[in-house]
Amino acid sequence: MAVNENTVILKRWREMEREFETHLRLERGFSTNTVAAYLSDLGHLERYAVEHGVSPESITAGDIENLLAQLNRLDIAATTQSRFVSAFRSFYRMLILDDTIKENPAEFVILPKRPQHLPDVLTNDDVDAIQSTFDRSTVDGERNYVIVEVLYGCGLRVSELVTLKLADIYEQEECLRVIGKGDKERWVPINSRALALLMTYIHNVRSCQTVRHGEEKYIFISRLGRHLSRNFVFMFLRDAVTKAGIEKHVSPHSLRHSFATELVNGGADLRAVQEMLGHAKIATTEIYTHLTPQYLRDTIATYHPHYRIN
């Protein structure tokens, strides 16, 4: 392909990407980070198309499948490829709305199968072992102890935990007001042990810390007086797991995962668990019903008439 032609096609892609950015910001109201992620994902298709001399309007399902085949050879994860295709679909839906094209070439592309990698489940003994590594006579140690208790006792996402505010605690009702994905608000019960530890931390530890201006509303504060980052929680938990001698792969999400597993395997209603976890779809919550063969056996034994025959 001639250099001139290559330049024309690249210019056309960049024009359409600017339109896509405007569409995502103004018409769909996406955040800056989400818009950046969509554009980054679309960039994979742009690079493939420019290399092969294909304009945005001329892309076919075959082109997208060829790109996915290339990504497979590069060992790009199936989940990442699925995300790319979702961005491609959104881009071409915009072009359809603008009457630029008639059909969405990404609409019927078969997505790579997503492997179901579930975190290891932590037992109560595991959680106790993790918490025992913290020196509770120190500010950091007591804070970290309480964080693990709240993550495990309430099933919060780590991003939800680090943005919890003092005003989000409803002590009398034993509930936390949590702002989850998409700024959706939900109410999560907090057990009496976790609540007592949380309030003691606030009154006896946090109240003695110097908090920077603008950070006063947050519950969990660092030595520098700022609210914690997600990465900080990942790091201190990883270190605690190592000290506790636990060989499972553990992250903050493992505590949320274990919270849900305990509830479902204990017989909790899936809809209630869905509400507490803040899942938009019940299908997301249903993964917890597939964790143990015993859970499935117990379910069949309870509800299938032949299993009740001696």
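See the structure shown above.
**Student:** Where do I start with helix α2 (residues 32-51) in this structure?
**Tutor:** Since the α-helix advances by 3.6 residues per turn, residues separated by three or four positions end up pointing in the same direction. When the terminal C-alpha atoms of α2 are compared, their 28 Å separation across 20 residues agrees well with the 28 Å that a helix rising 1.5 Å per residue should span. Bending of α2 peaks at approximately 25 degrees at the position of Gly43.

**Student:** Mind showing me how you'd approach unusual backbone geometry here?
**Tutor:** Negative phi characterises most residues that are not glycine, and trans characterises most peptide bonds. Its identity as a non-glycine residue notwithstanding, Asp99 has a phi of 60 degrees, on the positive side. Assignment of secondary structure puts Asp99 in the loop between α4 (78-97) and α5 (124-131). With relative accessibility at 61%, the residue Asp99 sits in the exposed group. Non-glycine residue Asp183 carries a positive phi angle of around 60 degrees. Relative to the elements of secondary structure, Asp183 occurs in the loop between β2 (175-179) and β3 (185-189). Classification of Asp183 by relative accessible area gives exposed; the value is 67%.

**Student:** Would you explain the sheet that holds β2 in this entry?
**Tutor:** Pairing is antiparallel across the open sheet formed by three strands, whose spatial order is β1-β2-β3. Lying at the two open borders of the sheet, with one neighbouring strand each, are β1 (169-170) and β3. Here β1 pairs with β2 via two bridges, running antiparallel. Its bridge partner being in β2, Tyr170 is matched across the sheet by Cys175.

**Student:** Is there a simple way to explain a negative patch on the surface in this structure?
**Tutor:** A cluster of like negative charges, contributed by Glu19, Glu27, Asp98 and Asp99, occupies part of the molecular surface. Within the secondary structure, Glu27 sits in helix α1 (residues 3-27). For Glu27, a relative accessible area of 62% puts it in the exposed group.

**Student:** Is there a simple way to think about the pattern of salt bridges in this case?
**Tutor:** Pairing is possible between side chains that carry opposite charge, provided their charged atoms lie close to one another. Summed over all chains, the structure comprises 17 salt bridges. Arg83 serves as the salt-bridge partner of Asp41, at 2.9 Å between the closest nitrogen and oxygen. Here Arg83 lies in helix α4 and Asp41 lies in helix α2, a separation of 42 residues in the sequence. Here Glu107 ties to Arg93 by a salt bridge, and the two come within 3.7 Å at their closest N and O atoms. Residue Glu107 is found in the loop between α4 and α5, and its partner Arg93 is found in helix α4; the two are separated by 14 residues along the sequence.

**Student:** Help me understand the packing of helix α6 (residues 139-154) against helix α8 (residues 192-204) in this model?
**Tutor:** Geometry of a packed helix pair, given as the angle between the helix axes and the separation of the axes. For the pair α6 and α8, interaxial distance at closest approach is 9 Å and the crossing angle is 150 degrees. Overall, the two elements α6 and α8 adopt an arrangement that is roughly antiparallel. As α6 packs across α8, the resulting crossing turns out to be left-handed. Touching Arg143, Tyr145, Val146, Glu149 and Val150 of α6 are Arg193, Ala194, Leu197, Leu198 and Tyr201, all from α8. Residue composition of the contact of α6 with α8, grouped by class: seven nonpolar, no polar and three charged.

**Student:** Would you explain the environment of Arg238 in this entry?
**Tutor:** Residue position: Arg238 is located in helix α9 (residues 230-244). Separated by 14 residues in sequence, Arg238 and Pro252 have C-alpha atoms that sit 8.9 Å apart.

**Student:** Could you clarify how one ought to interpret the environment of Gln131 in this entry?
**Tutor:** Mapped onto the elements of the fold, Gln131 is located in helix α5. Spatially, the C-alpha atom of Gln131 lies 9.5 Å from that of Leu237, the residues being 106 residues apart in sequence. Here Tyr145 takes part through its backbone oxygen, which lies 3.2 Å from a polar atom of the side chain of Gln131. At a separation of 3.0 Å, a polar atom in the side chain of Gln131 contacts the side chain of Glu149.

**Student:** Help me understand the pairing of β2 in this model?
**Tutor:** Along any regular strand the residues' side chains alternate between the sheet's two faces. Hairpin connection, β1 to β2: the antiparallel pair is bridged by four residues, and Glu174 has positive phi, about 55 degrees. Note: β2 against β3, five bridges, orientation antiparallel. Within the sheet, the bridge partner assigned to Arg177 lies in β3 and is Trp187. A loop of five residues connects β2 with β3, the two strands running antiparallel in sequence, and Gly182 in this loop sits at a positive phi of about 70 degrees.

**Student:** Just to check I follow, could you spell out α6 for this structure?
**Tutor:** Counted at 1.5 Å a residue, the expected span for α6 with its 16 residues is 22 Å, and the 22 Å between its end C-alpha atoms agrees. Judged by how many residues are buried, α6 sits mostly within the fold: 15 of 16 residues are covered. Where α6 terminates, the next one or two residues include Gly155, which has phi positive at roughly 70 degrees.

Conventions adopted
Residues numbered from 1 in each chain as written. Predicted model: local features only at pLDDT ≥ 70, side-chain atom pairs only at ≥ 80, totals over all residues. Heavy atoms only, no water. Helix = DSSP H or I, 4+ residues; strand = E, 2+ residues; numbered from the N terminus. Expected span 1.5 Å × (residues − 1). Bend = angle between axes of the 7 residues up to and from the residue. Buried < 20%, exposed > 50% of the residue type's maximum accessible area, 1.4 Å probe, protein only. Pairing = 2+ DSSP bridges. Patch = residues over 30% accessible without salt bridge, like charges linked within 9 Å, V, L, I, M, F, W, Y side chains within 5 Å. Areas by Shrake-Rupley, 256 points an atom, 1.4 Å probe, with all protein chains shown as cover. Salt bridge = Lys/Arg side-chain N within 4 Å of Asp/Glu carboxyl O. Lys, Arg positive; Asp, Glu negative; His and termini not counted. Charge placed at Lys NZ, Arg CZ, Asp CG, Glu CD. Axes fitted to C-alpha atoms, helices over the stretch in contact; angles between N-to-C directions. Parallel < 35°, antiparallel > 145°, perpendicular 65-115°, else oblique. Left-handed = near helix turned anticlockwise from the far one by under 90°. Contact = heavy atoms within 4.5 Å. Nonpolar A, V, L, I, M, F, W, Y, C, P; charged D, E, K, R; others polar. Polar contact = N/O pair within 3.5 Å; in protein donor to acceptor, adjacent residues only side chain to side chain.

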